[in-house]
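# Geometric and topological summary
Listed here are the chains, written in short residue letters.
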Amino acid sequence: MKIRIRRWSRIPTPCIGAMLALGWICSGIAGAADEGSVKAFVGARIIDGTGKPPVEKATLVIRNDRVEAVGTKVKVPAGAQRINAAGMTIIPGIVNAHGHVSSRDNLGKYLRDGITTIWSLGDTCPDARRRTEGCKSEFELREETRRAEPGTLPRLYVAGPVLSGTTPESARKAVDELIPNKPDVVKIREDDYLGTRPKMSPDVYGALIDEAHKKGYRVAAHIVLLADAKGVLKAGADFIAHSVRDVPVDDEFIQLMKQRDIYYCPTLTREISTYVYAETPALFKDPFFLKEADMADIKKLEAPGFQEKIRNDPDARWYKEHFEVAIQNLKKVSDAGIKIAMGTDSGAGQGRFQGYFEHLELEYEVKAGLTPMQALVSATSGAAKAMGISDQVGTLEAGKFADFVVLSANPLDDILNTRKIESVWKAGIRVAARNSSSSPK
Ligand SMILES: [Zn+2]
């Protein structure tokens, strides 16, 4: 069946936002800005996110919020602001196909680290907690991103509450109750948490998926086990939101993924977060991590009692033992031609650091055997295609949003170079540094 995808293009552009707020002024601003906000980044190495080889000594022209031209033969338009980008590498804004947000602070961290688009796959802020801790639902935060001043918050697409049911009827009802909120995707979770909780039977998740499809929505499925991954695929799931982690993927799984032509989202760093805090991890010494780190979080994770708890946690041990399975499965599915969308599950629990984890995920995709270019594609056009928004973001091509990251070193030489960020641009506007007066509050 043809699934109608809810596209981000429905989200008001900054200009539409300004029109709503200021009425008549917008067209005047746009007219003036046509002359005043043309920028040309000259002399850069440009990795456009399509997977094509990088273009050396290229020019990127942006007009207002869009890419106007990219290439070596591009002329700098008269009156454009010329920016010398010699020695720099420009990549598209990073797209995270599986994160979680519960506050404006989360959004700011993503954006400043170059993650310009996030698919937040399920509320981590239940209503009761929201009242006491001030955290926000995904729907509330999506509204804030739509109303935000340009360049201050990333693009956000959300699932809202993760859906489940105990019967096919309750499952269909859960979908029907979600729809008025206009989610961007429906999220389900098929997981018995290593045998400690009940999980949905196939007829229940089948009803969730079927009802979502009937209403025109795609379904992202959280899975752990190969059997469940096959089950949700047979039921029509549209996105595999985690690695298969129990056993190596088999031919049947690969065939199912290919038949559905959908994306596999490894979230390797989610696995790392379950066991790495058994001792003080290397990332706590990474200056790129520390620039956005909250010392209170570090203290909690470094506390001897907490480390001891993780060391003795049988779940942490299982995830650590099975991390290698996840790593090998990523290489296997990638080699089989299955498309990969970078995602991390950052924000879903303690120690899953938004912004940093996306760069760490890229590092581990490469450790799994993907080339740096394959990893970059998974985090740009791949994730954007998985989300159905590749006509707007994910590549540096004329007409797309001018979301990009300027790096001082080439990530194709070393994927760690994605952390060498000179500047982040969203919709043609430079993202302010942390704690500057215009940064997100
Ligand atoms: Zn998640």
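Residues numbered from 1 in each chain as written. Predicted model: local features only at pLDDT ≥ 70, side-chain atom pairs only at ≥ 80, totals over all residues.

### Here we look at the nonpolar core
Ranked by size, the top nonpolar core spans 118 residues in total, and within it Leu 60, Ile 90, Val 186, Leu 208, Ala 221, Phe 239 and Ile 240 carry the most contacts. Ranked by residue count, the leading element in this core is helix α16 (residues 372-387), at 8 residues. Apart from residues lying up to four places away in sequence, Phe 239 is in contact with Arg 218, Ala 220, Ala 221, Ile 262, Tyr 263, Cys 265 and Ala 386. (Core = buried A, V, L, I, M, F, W, Y, C linked by C-beta atoms within 7 Å. Buried ≥ 20, exposed ≤ 12 C-beta atoms within 10 Å, placed from the backbone. Helix = DSSP H or I, 4+ residues; strand = E, 2+ residues; numbered from the N terminus. Contact = placed C-beta atoms within 7 Å.)

### A look at the sheet that holds strand β9 (residues 186-189)
Spatially, β9-β10-β11-β12-β13 is the arrangement adopted by the 5 strands of the open sheet, whose pairing is parallel. If you trace the sheet from one side to the other, it starts and ends with β9 and β13 (339-340), each paired once. Looking at chain direction, β9 and strand β10 (residues 219-222) are connected through 4 bridges and run parallel. The residue bridging Val 186 from the neighbouring strand is Val 219, located in β10. (Pairing = 2+ DSSP bridges.)

### Side note on the sheet that holds strand β6 (residues 94-99)
Spatially, 3 strands are ordered β6-β7-β8 in an open sheet, and the strand pairing comes out parallel. The sheet terminates laterally at β6 and β8 (155-158), the two strands that pair on one side only. The mean angle between the axes of side-by-side strands here comes to 15 degrees, regardless of whether they run parallel or antiparallel. Pairing of strand β7 (residues 115-120) with β8 involves 4 bridges; the strand directions are parallel. Paired with Ile 118 across the strands is Leu 156, a residue of β8. The sheet contacts of helix α5 (residues 138-147) involve β7 and β8, and relative to β8 the element is tilted by about 150 degrees. (Axes fitted to C-alpha atoms, helices over the stretch in contact; angles between N-to-C directions.)

### Description of the confidence of the model for the protein
Across the protein, pLDDT averages 91, with 90% of residues at or above 70. Taken as a whole, residues 1-34 scores under 50 in pLDDT and shows 34 contacts with residues more than four places along the chain or in a different chain. Predicted confidence for residues 437-441 stays below pLDDT 50, and this span has 12 contacts to residues more than four positions away or in other chains. (pLDDT = per-residue confidence, 0-100.)

### Quick look at helix α3 (residues 104-112)
When you tally the buried positions in α3, you get 7 out of 9 residues, the bulk of the element. Those residues of α3 that sit buried are Asn 106, Leu 107, Gly 108, Lys 109, Tyr 110, Leu 111 and Arg 112. Looking one or two residues beyond α3, the residue adopting positive phi is Gly 114, at roughly 95 degrees.

### Things to note about the packing of helix α10 (residues 268-275) against helix α14 (residues 314-335)
It is at 8 Å that the axes of α10 and α14 come closest, and there the two elements cross at 150 degrees. With respect to their mutual orientation, α10 and α14 come out roughly antiparallel. Judged by the twist between their axes, the crossing of α10 over α14 is left-handed. Of the residues in α14, those touching α10 at Leu 268, Glu 271, Thr 274 and Tyr 275 are Asp 315, Ala 316, Tyr 319, Lys 320, Phe 323, Ala 326 and Ile 327. (Parallel < 35°, antiparallel > 145°, perpendicular 65-115°, else oblique. Left-handed = near helix turned anticlockwise from the far one by under 90°.)

### Details of the environment of Val 158
Position of Val 158 relative to the elements: it lies in strand β8. Of the residues examined, Val 158 has 26 C-beta atoms within 10 Å and is grouped as buried. A C-alpha to C-alpha distance of 8.7 Å links Val 158 and His 100, two positions 58 residues apart in sequence. With near-sequence residues (within four places) excluded, Val 158 lies in contact with Ser 120, Glu 138, Phe 139, Arg 142, Pro 183 and Asp 184.

### Considerations on helix α6 (residues 168-178)
Those residues of α6 lying buried are Ala 171, Ala 174, Val 175 and Leu 178. Burial along α6 is one-sided: seen end-on, the buried residues are contained in an arc of 95 degrees. Exposed and facing more than 90 degrees away from the buried side of α6 are Glu 169 and Glu 177. Those residues of α6 that are buried are in contact with β9 and α7 (202-214). (Arc of directions from axis to C-beta.)

### Structural notes on the pairing of strand β5 (residues 89-92)
Side-chain alternation along β5 places Thr 89 and Ile 91 on one buried face and Ile 90 and Pro 92 on a second face that is also buried. Two elements, strand β1 (residues 38-46) and β5, share 2 bridges in a ladder whose sense is parallel. Paired with Arg 45 across the strands is Thr 89, a residue of β5. Of the strand pairs in this sheet, β5 and strand β14 (residues 404-407) are connected by 4 bridges, and their pairing is antiparallel. Opposite Ile 91, over in β14, you have Val 405 as the bridge partner.

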